[in-house]
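Fold and geometry: a report
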Amino acid sequence: MGIFLLVLGVWNAVVFGVYAADKIKAIRGAWRISEACLLTLAFLGGGVGGAAGMLACRHKIRKPKFLLVYLFAALHVAAAVLVCVLVF
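The rules we used
- Along each chain, residues carry numbers from 1 onward, in the same order as the chain's sequence is written.
- Local features are withheld for residues below a pLDDT of 70 in this predicted model, meaning they are given only at 70 or higher, and side-chain atom pairs are given and counted only at 80 or more; totals for whole chains, interfaces and linings count all residues.
- Here the side-chain values reflect all heavy atoms present in the structure, with hydrogen atoms and water set aside.
- Nonpolar core, defined: a set of buried Ala, Val, Leu, Ile, Met, Phe, Trp, Tyr and Cys residues in which side-chain atoms within 4.5 Å join the residues together.
- Remark: exposure states derive from per-residue accessible area (1.4 Å probe, protein chains only) relative to the maximum for the residue type, with buried under 20%, exposed over 50%, and partly exposed in between.
- Elements are defined by DSSP. Helices are runs of H or I of four residues or more, strands are runs of E of two residues or more, and each kind is numbered from the N terminus.
- A contact between two residues is defined here by any heavy atoms of the two lying within 4.5 Å.
- Note on method: axes are straight lines fitted to C-alpha atoms, helices fitted across the in-contact stretch only, with angles between N-to-C directions ranging 0 to 180 degrees.
- Roughly parallel means an angle under 35 degrees; roughly antiparallel, over 145; roughly perpendicular, 65 to 115; everything else is oblique.
- Here the nonpolar group is Ala, Val, Leu, Ile, Met, Phe, Trp, Tyr, Cys and Pro; Asp, Glu, Lys and Arg are the charged ones; every other residue, Gly included, is treated as polar.

1. Looking at the nonpolar core
Ranked by size, the top nonpolar core spans 13 residues in total, and within it Tyr19, Leu38, Ala42, Met54, Phe66 and Val69 carry the most contacts. Of all the secondary-structure elements, those providing two or more residues to this core are helix H1 (2–28), helix H2 (35–57) and helix H3 (67–87). Looking at which element gives the most residues to this core, the answer is H2, with six residues. Ignoring sequence-local partners within four residues, the contact set of alanine 42 consists of Tyr19, Gly47, Val69, Phe72 and His76.

2. A word on the packing of H2 against H3
Look at H2 against H3: their axes get within 7 Å of each other, and the N-to-C directions meet at 110 degrees. One way to sum up the angle between H2 and H3 is to call them roughly perpendicular. Counted together, Leu39, Ala42, Phe43, Gly45, Gly46, Gly47, Val48, Gly50, Ala51, Met54 and Leu55 of H2 and Val69, Tyr70, Phe72, Ala73, His76 and Val77 of H3 form the full contact between these two elements. Grouping the constituent residues of the contact of H2 with H3 by class yields 12 nonpolar, five polar and no charged.

The values are spatial; any link to function lies outside them.
Now the structure itself:
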């Protein structure tokens, strides 16, 4: 169980960093990370990191399609708890 949670935590930290990097790029007017990439990272297990990045950096919070990130976060937390209960 420890490895599973460690991998999940590291992945979410990476996704948080990507969201923060995109916000910095937006402020500087630099090349940006695509919205599709940000949503895909959140979908692939980084929902909590994506949601935290959105809230901490106030990034993409007004775009309706980014409400999916909060849904992904909730689903990933529920799935992680279910895996921990059933497998471990």
